[in-house]
Amino acid sequence: MATLRLDGLKKTYPNGFVALHGLDLEIADGELLVVVGPSGCGKSTLLRMLAGLEDITAGDLYIGEARVNPLEPADRDIAMVFQNYALYPHMSVAGNMEYALKNRGVPKEARRRKVEETASLIGLQDLLDRRPRQLSGGQRQRVAMGRAIVREPQVFLFDEPLSNLDAKLRVQMRLEIRRLQKRLGVTSVYVTHDQVEAMTLADRLIVMNEGRIEQLGSPMTLYDQPASTFVAGFIGSPAMNFLSAEASGRTLSLPCGNQLHAPVDAHGHVTLGIRPEHLVPVEESDDALAVQVELVEPLGADTLAYVQLDGQAEPLVVRFDGARRLEEGDRLWLAPDLERLHLFDPEQGQRLTTTEAITTP
Amino acid sequence: MRYRRRGLDITSHTLLILCVIVFFLPVWMAIVAATHTQSSLYTGVAPFWFGSEGFGNFLAVLSDPVGRLGTDATRLLVNSTIMALGIAVGKITIAILAAYAIVFFRFPFRMLCFWAIFITLMLPVEVRIMPTYKVVAGLGMLNSYTGLILPLIASATATFLFRQFYLTVPPELLEAARVDGAGPWRFLRDILLPLSKTNIAALFVIMFLYGWNQYLWPLLITTESDYMTVVISLKRMLTSADNLVPWHTVTATALLAMLPPVIVIVLMQRYFVKGLVDTEK
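Residues numbered from 1 in each chain as written. Chains lettered and ligands numbered in written order. Predicted model: local features only at pLDDT ≥ 70, side-chain atom pairs only at ≥ 80, totals over all residues. Heavy atoms only, no water.

Looking at an unreviewed UniProt entry, chain B carries the name sn-glycerol-3-phosphate transport system permease protein UgpE, with the source organism given as Aidingimonas halophila. As recorded by UniProt, the Sequence similarities (unreviewed entry) comment attached to chain B reads in full: "Belongs to the binding-protein-dependent transport system permease family." What the UniProt record of chain B gives under Subunit (unreviewed entry) is the line "The complex is composed of two ATP-binding proteins (UgpC), two transmembrane proteins (UgpA and UgpE) and a solute-binding protein (UgpB)." (UniProt positions renumbered as here; feature names shortened; annotations may be inferred.)

The name recorded for chain A in an unreviewed UniProt entry is Carbohydrate ABC transporter ATP-binding protein, CUT1 family, from Aidingimonas halophila.

**Q** Please clarify how the sheet that holds strand β13 (residues 279-282) of chain A should be interpreted in this entry.
**A** Backbone hydrogen bonds hold the strands of a sheet together, and the pairing may be parallel or antiparallel. All names here are of chain A. In space, the 5 strands of this open sheet follow the order β13-β17-β14-β15-β16, with antiparallel pairing throughout. Sheet topology places β13 and β16 (316-321) at the edges, where each strand pairs with a single neighbour. Across the sheet, the mean angle separating the axes of adjacent strands is 50° when strand polarity is ignored. Where strand β14 (residues 289-298) meets strand β15 (residues 302-309), 7 bridges bridge the pair, whose relative direction is antiparallel. When the sheet's bridge partners are listed, Val293 is paired in β15 with Val307. (Pairing = 2+ DSSP bridges. Helix = DSSP H or I, 4+ residues; strand = E, 2+ residues; numbered from the N terminus. Axes fitted to C-alpha atoms, helices over the stretch in contact; angles between N-to-C directions.)

**Q** Would you explain the interface of chain B and chain A in this entry?
**A** It is common to give the size of an interface as the accessible area that goes away when the parts come together. Contacts between chain B and chain A engage 18 residues on the former and 24 residues on the latter. Between chain B and chain A, roughly 1800 Å² of surface is buried when both sides are summed, and carbon and sulfur atoms account for 56% of that area. A per-residue breakdown of the area chain B buries against chain A is headed by Arg178, Val179 and Asp180 of chain B, which together make up 37% of the total. At the surface where chain B touches chain A, the tally comes to 3 salt bridges. (Contact = heavy atoms within 4.5 Å. Buried area = accessible area lost by both parts, 1.4 Å probe. Salt bridge = Lys/Arg side-chain N within 4 Å of Asp/Glu carboxyl O.)

**Q** In this structure, what is going on with empty space enclosed by the protein? I would like to understand it.
**A** Rolled over the atoms, a probe with the dimensions of a water molecule shows which regions are left empty. In this structure the tally under the stated criterion is 2 cavities of 30 Å³ or more. The calculated volume of the largest cavity comes to roughly 60 Å³. Taken together, Ala79, Met80, Phe82, Arg147, Ala148 and Arg151 of chain A together with Ala176, Val179 and Asp180 of chain B make up the lining of the largest cavity. Mapped onto the lining of the largest cavity, the elements with two or more residues apiece are β6 (78-81) and α4 (137-149) of chain A together with α9 (171-179) of chain B. The residue makeup of the lining of the largest cavity, split by class, is 6 nonpolar, no polar and 3 charged. Looking at the second largest cavity, the residues that line it are Met145, Ala148, Ile149, Phe156, Phe158, Ile177, Leu180 and Gln181 of chain A. When residues of the lining of the second largest cavity are traced back to their parent elements, those giving at least two are α4, β7 (155-159) and α5 (167-184) of chain A. Among the residues making up the lining of the second largest cavity, the classes are represented as 7 nonpolar, 1 polar and no charged. (1 Å grid on protein atoms, 1.4 Å probe; cavity = no way out; pocket = protein on both sides within 12 Å on 5 of 7 lines; lining within 4 Å. Points joined across faces, edges and corners; volume = space filled by probe spheres on them. Nonpolar A, V, L, I, M, F, W, Y, C, P; charged D, E, K, R; others polar.)

**Q** Where do I start with the packing of aromatic side chains in this structure?
**A** How two aromatic rings sit relative to each other is given by the distance of their centres and the angle of their planes. Counting across every chain of the model gives 21 aromatic pairs over all chains. Taking 5.8 Å as the distance between ring centres and 55° as the angle between the ring planes, the aromatic pair formed by Phe156 of chain A and Phe158 of chain A counts as tilted. An identical accessibility class is assigned to Phe156 of chain A and Phe158 of chain A; each is buried. The rings of Tyr100, Phe104, Phe105, Phe162, Phe165, Tyr166 and Phe187 of chain B are connected pair by pair, giving a single aromatic cluster. We note Arg147 of chain A situated over the ring of Tyr88 of chain A; from NZ or CZ to the ring centre the distance is 4.9 Å. In this structure, Arg275 of chain A packs its charged tip against the face of Tyr223 of chain A, placed 4.1 Å from the ring centre. (Phe/Tyr/Trp six-rings, centres within 6.5 Å; stacked < 30°, edge-to-face > 60°. Buried < 20%, exposed > 50% of the residue type's maximum accessible area, 1.4 Å probe, protein only. Lys NZ or Arg CZ within 6 Å of the ring centre and 35° of its normal.)

**Q** What exactly am I supposed to notice about helix α2 (residues 93-103) of chain A here?
**A** Three- or four-residue spacings in an α-helix give side chains the same orientation, since the helix completes a turn every 3.6 residues. Extensive coverage of α2 of chain A is indicated by the burial of 10 of its 11 residues. All buried positions along α2 of chain A are accounted for by Val93, Ala94, Gly95, Asn96, Met97, Glu98, Tyr99, Ala100, Leu101 and Asn103 of chain A. In this fold, the buried residues of α2 of chain A make contact with α3 (108-121) and α4 of chain A together with α10 (184-195) of chain B. Taken from the residues just after α2 of chain A, Gly105 of chain A is the one with a positive phi, measuring 85°.

The structure is reproduced here in structure tokens:
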């Protein structure tokens, strides 16, 4: 078990592309940190640098007390679970799991015991003689996990381990990973592009964008107080609605003519963010937003509706209770939850907080 | 889509049977001739049925010096086998290592190396025979197994085949192995070689036949009968200037010369087809 410390970690590729712009980060012992972001944001590069599969251009990486920059992957005492599992196709499940131990010179008897112990922990005991080819996707995923666990590493690295599974299995494995990680108490870094996975697994969450940390915090902090439009749009599904508005002190004027009470002082153009679940249907009134339903997506428990608001090019997404019957073309009145409005700088995208006042006219 | 029509079935079977007969007839003639005495072969009509000698001719060529070659067929077969095995094993070993270096290591002029290997496809032994002979002679390797094998051992084809195969190996496999503590040699031995089993088998068959059938090169650098290969001996036996051609021994030796390649193909054909058609992944 160990902490993981990144000190100005930077990656520049030979062609001059900067994949990571100097990351500072400390991951506590036993913590599960999830790194989430769109493809190309540098999250996989980060993970591969932690693993030692990519060189570190600048900065220092510490696992526990030791600076591991110059160490080979095998000497860093980490284990990695790959997206496509990367199981050795010609080896049995047991062979796959014990390969690392074998390379370390662990005697045969000890290896066998360790493999069996791990196999029963993750329910693989009956499959030890099978080849990866003879296993289902979920079982392969388990073997990849087992291969990581059997070595008792200081740090687990997960590289989108669930993205090759079908939806049902993904939910199941997600729970299992969470349970195993808590039980084993191994410091873990988990990379994914799936925000649901990120929210459910993480102790802390990093949203990355273009090689920078956009925001770091607990999943609910990121949901409740997204630091930028990027984070706000990335966390939460369906994504947050953005409207342009004119602010004057605590009053927001929308292009449709409505006025709302703003949570913070602001002046001039602002971007207003409202989550789909924070738009509540109300009786017809002058204060409410009058909208027309464009498209309905019933999900069972919830019903999503895409609604058209005057003066707004993009339709808004609204989450209704599943029991509510909606038809395309219905006219509705919505009231936003005023406590949960988010204001952002329209150019930079940063969140406007009470202490800041916007200067643009 | 497959056609199932009676007329078509009969036609195609007839055609196939005819082809088998056409191809098998010379072999049959050889088998029959090898069981006759020399005199019974020179009666004017080629025999179509076994003669009186049985396996006698085979045993004779294996134990006694054949014709005026000064060596028996056992020696010839051993020489051919050593050369063919040496060439096959050597080619595969070198090709595996070369392809491994080209695909999995980043070093300066990597592509140049690859193309340098690749253009040797245009330089088979026949083209470079004079300089190669000069070098081998200069190194004192005339009349030696090394001289027979070494100049034929580099293979662009095999290197290319392994390169193409290695390129299809997912890079994560290498990364997983690195995380698991496998260095370059371990990765080659534990992961890559087992995965290329079928490719190796297919190449082995092709290269063994290539080595076995070599004619020009062994003809050039072996003058002592101790190093003569069976393919060359056959030609020698036919050019016995003033004597009658001893067809009974020639056919017996020819049949013996056919055996090792047949055995190799029969034993390896399952892998051979697999290796050319798909890979174990």
